[in-house]
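# Examination of the molecular architecture
Here are the chains, one letter per residue:
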Amino acid sequence: MPIILLVSCAANEQRGDATNEGPSSGSRIVNTIDLVLDPSSKSGTDESAVRKFQGTETRGSLDETGAWNLSTAVTHNRLRCAAYETGIQLGTGNPACKQVEWQTEISFGSNRTHCNSAVLMHKGSGKFTGINDIYQAAICVRVITKCTGAC
C-alpha cells in the first residue's frame, strides 16, 4: 500500500496543473508584497540618501545610486525541494500603494533552495541602473518571490 501511494504522488507532481506546474516547469511568481518607500534620509558618514521600506517580515532599503538590499521571510509549503528568488520593483502611485505604475523591471537578489516545508530568511541585494528620475518619484516597492520546481 505505501508503494502505491508514493507512485501516485510522484505521478501527480510530474503531471502538474494550473496551481502547481510541477518540478519540470519554469519559474513563476508565488508572492508579492507592496510596501511604502519612506522619504530619503542621509545615512552615516557617506551622506548618501537612503530610502527604507518595511513590512511584517520584510525590510530593505534603496539608495540614490540604485543600490538596494532586502531581507524577507519566504515560506515553502511542500516536502519536495524548490528554488526561491526574491527581488524588488519600484513604482509610482498614491501614498497607499494603490494603482501603482511600476517603473522598473524586477531586480532579483537572492536565491535559496527550500525543502521540507521550511520558512527561510532571504537576504539579498542588487542595483538598478539609470534610476535618477525614478528614485525621487518612487513611492512604492513591490517585493517579489519567484519559485522554480515543486512550489
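Whatever comes next refers back to the structure up there.
Definitions and cut-offs
- Residues numbered from 1 in each chain as written.
- Predicted model: local features only at pLDDT ≥ 70, side-chain atom pairs only at ≥ 80, totals over all residues.
- Heavy atoms only, no water.
- Salt bridge = Lys/Arg side-chain N within 4 Å of Asp/Glu carboxyl O.
- Helix = DSSP H or I, 4+ residues; strand = E, 2+ residues; numbered from the N terminus.
- Buried < 20%, exposed > 50% of the residue type's maximum accessible area, 1.4 Å probe, protein only.
- Pairing = 2+ DSSP bridges.
- Core = buried A, V, L, I, M, F, W, Y, C linked by side-chain atoms within 4.5 Å.
- Contact = heavy atoms within 4.5 Å.

When their charged atoms lie close together, side chains carrying opposite charge are able to pair. Applying the stated criterion to the full structure yields two salt bridges. Residue Arg142 pairs with Asp34 through a salt bridge whose shortest N-O separation is 2.7 Å. Of this pair, Arg142 sits in strand S10 (residues 140-149) while Asp34 sits in strand S1 (residues 28-36), and the two are 108 residues apart along the sequence. Of the charged contacts in the structure, one is a salt bridge between Glu85 and Lys146, with a shortest N-O distance of 3.5 Å. One end of the pair, Glu85, is in strand S6 (residues 82-92); the other, Lys146, is in strand S10, and 61 residues separate them in sequence.

Before going further, it helps to examine the pairing of strand S4 (residues 58-63). Of all six residues in S4, five are buried; the element is thus mostly enclosed. The antiparallel pairing of S4 with strand S5 (residues 67-75) creates a hairpin that spans three residues between the two strands, and Gly66 there sits at a positive phi of about 100 degrees.

This next bit is on the nonpolar core. Membership of the largest hydrophobic core comes to 16 residues, with the highest contact counts inside it found for Phe53, Leu62, Ile88 and Leu90. Looking at this core, the elements that each hand over two or more residues are strand S3 (48-54), S5, S6, helix H2 (132-137) and S10. The contacts of Ile88, once residues within four sequence positions are left out, are Phe53, Trp68, Leu70, Glu105, Ile106, Ser107, Phe128, Val141, Arg142, Val143 and Ile144. Counting five residues, the second largest nonpolar core, distinct from the first, contains Val74, Tyr84, Cys147 and Cys151.

Among the structural elements, Ile29 can be located in strand S1. Residue classification places Ile29 among the partly exposed residues on the basis of a relative accessible area of 48%. Note: C-alpha distance between Ile29 and Ile144 (115 residues apart in sequence) is 7.0 Å. Leave out the neighbours within four places in its chain, and Ile29 touches Ile106, Ile144, Thr145 and Lys146.

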